[in-house]
Amino acid sequence: MSRESALVTGDWAERRLGTGQVVLVETANDDVDYRKGHPPGAVFINWSEFQDGLRLGVVGREAFEELMRAKGIADDDTVVLYSANANLLAALAYWYFTLYGHRSVRLLDGGRAKWEAEGRPLTTEPVRRPPARYRAAGPDPSVRALRDDVLAALGTHTILDVRSPEEYSGRTFAPGFAGEAFAPGNNPHEVAQRPGHMPGAVNVPWDTAVHADGTFRSDEELSRAYAGAAPERGVITYCWVGARSAHTWFVLRELLDRPDVRNYDGSWAEYGSLVGVPVERGDGTA
């Protein structure tokens, strides 16, 4: 893949509003911003709609097909995804679409914030596309790492931890907080059994890849930032629940065209609660 085939600009997307087989999709944890205004014709998919609440993790292939049909997205549509927060959840959705073999999917560079900042059209009109025909492929094992894949890769692959340095080290990072860093913001409802990181993991926080306006850095800048993620070894990315690591997976695989990159969507929420697996803290001790 390349920047030209994985990203679109606001100009590109605006010129194609309402032109048929290009579908803009906004994703978020809720539709508050979407209801305030969205690009004309843009479909909203809540992040939770991609999730299997019983099994945890991404929905199965048939459920993904049903979701696309209900949203009016056909398998030959070009899907352009965007979200807030430098396209964090949009990159995760991009990974879902790739996992199930969607042929043409892209990110809107800069996401929702840049679209708004550039004064591009917004509407509050509800969008109801007619049901579409959709057949998914996969899931594609070349883009996903499961827990056994991760355990087998320790010591042989580059394991890329894209969480904050405080989460990576497993040490205190919130002012006045006396515990250890389990999850972003030390949310007491999101804890694994222990903090730390996988043995040998390289730490490059996910937002290293973007400018302040949420757009992606140049290929040269990205290549320097991820020089420690040796492509010849193969790379597995992880974070807390697979969203930030999907963003970095997108950077490495789609922008820098590294073929052997997989996202571990179970991430630390799963690994940090497994019994008997090796864990390191900031000082490297198990």
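Report follows, based on the coordinates. (Residues numbered from 1 in each chain as written. Predicted model: local features only at pLDDT ≥ 70, side-chain atom pairs only at ≥ 80, totals over all residues. Heavy atoms only, no water.)

1. What about the pattern of salt bridges?
Between side chains of opposite charge, pairing is possible as soon as their charged atoms come close. Using the criterion set out here, one finds 21 salt bridges in the structure. With a shortest N-O distance of 2.8 Å, D219 and R3 are connected by a salt bridge. Of this pair, D219 sits in helix α9 (residues 219-225) while R3 is found in helix α1 (residues 3-6), placing the two residues 216 residues apart along the sequence. For D219, a relative accessible area of 28% translates into the label partly exposed. Measuring nitrogen to oxygen at the nearest pair gives 2.8 Å for the salt bridge that ties E118 to R120. Classification of E118 by relative accessible area gives partly exposed; the value is 36%. (Salt bridge = Lys/Arg side-chain N within 4 Å of Asp/Glu carboxyl O. Helix = DSSP H or I, 4+ residues; strand = E, 2+ residues; numbered from the N terminus. Buried < 20%, exposed > 50% of the residue type's maximum accessible area, 1.4 Å probe, protein only.)

2. Thoughts on the packing of helix α5 (residues 88-99) against helix α10 (residues 243-255)
Two elements in contact, α5 and α10, have axes whose closest approach is 8 Å; the angle formed by their N-to-C orientations is 65°. Considered as vectors, α5 and α10 are oriented roughly perpendicular to each other. For the element pair α5 and α10, the recorded crossing hand is left-handed. Across the interface between the two elements, L88, L89, A91, L92, Y94, W95 and T98 of α5 pack against A243, R244, A246, H247, W249, F250, R253 and E254 of α10. Its residues assigned to classes, the contact of α5 with α10 shows 10 nonpolar, two polar and three charged. (Axes fitted to C-alpha atoms, helices over the stretch in contact; angles between N-to-C directions. Parallel < 35°, antiparallel > 145°, perpendicular 65-115°, else oblique. Left-handed = near helix turned anticlockwise from the far one by under 90°. Contact = heavy atoms within 4.5 Å. Nonpolar A, V, L, I, M, F, W, Y, C, P; charged D, E, K, R; others polar.)

3. Digging into the side chain of S267
Following the sequence through the fold, S267 ends up in helix α11 (residues 267-271). One polar contact links the side chain of S267 to the main-chain amide nitrogen of C239, over a distance of 2.9 Å. Those residues in contact with S267 that lie beyond four places of it in its chain are Y238, C239, W240, V241, G242 and S245. (Polar contact = N/O pair within 3.5 Å; in protein donor to acceptor, adjacent residues only side chain to side chain.)

4. Description of the sheet that holds strand β6 (residues 158-161)
Strands in a sheet are paired, the pairing made by backbone hydrogen bonds, and the direction either parallel or antiparallel. Pairing within the open sheet is parallel, and its four strands lie in the order β7-β6-β8-β9. Every other strand in the sheet has two partners, leaving β7 (202-203) and β9 (261-263) as the edge strands with one partner each. In this fold α10 packs onto β6, β8 (235-238) and β9, with an angle of close to 165° to the strand it touches most, β9. (Pairing = 2+ DSSP bridges.)

5. Describing the nonpolar core
In this structure, F50, F64, M68, L81, F97, L107 and F250 are the most contacted members of the largest nonpolar core, which totals 54 residues. When contributions to this core are tallied by element, the ones reaching two or more residues are β2 (22-28), β3 (43-46), α4 (61-71), β4 (78-82), α5, β5 (105-108) and α10. Examining the composition of this core, we find that 11 residues originate from one element, α5, more than from any other. What L81 contacts, discounting residues up to four positions off in sequence, is V25, N87, A90, A93, Y94, F97, V105, R106, L107 and L108. Core analysis: the second largest hydrophobic core is formed by 17 residues, I159, A201, Y271 and L274 among them. (Core = buried A, V, L, I, M, F, W, Y, C linked by side-chain atoms within 4.5 Å.)

6. Topic: the environment of A269
Of note, A269 is situated in helix α11. Here the alpha-carbon distance between A269 and P199, two residues 70 residues apart in the chain, equals 16 Å. Aside from chain neighbours lying at most four places away, what touches A269 is A192, W240 and V241.

7. Re the pairing of β4
For β4, the tally of buried residues reaches five of five residues, placing the bulk of the element in the interior. The side-chain alternation of β4 yields two buried faces, one formed by T78, V80 and Y82 and the other by V79 and L81. With five bridges connecting them, β2 and β4 associate as parallel partners. Across the sheet, V23 pairs through a bridge with V79, a residue of β4. Inspection of the sheet shows β4 paired to β5 by three bridges, in the parallel sense. Across the sheet, the residue bridging to L81 is L107, located in β5.

8. Some points on the pairing of β8
Covered by surrounding structure in β8 are V235 and T237 together with I236 and Y238, the residues of both alternating faces. Sheet topology note: the β6/β8 ladder contains four bridges and is parallel. Counted as the bridge partner of I159 is I236 from β8. Strand direction decides the pairing type here: β8 and β9, joined by three bridges, are parallel. Paired with V235 across the strands is V261, a residue of β9. Between the parallel elements β8 and β9, the chain passes through α10 in a crossover that is right-handed. (Right-handed = clockwise from strand over helix to strand, strands pointing away.)

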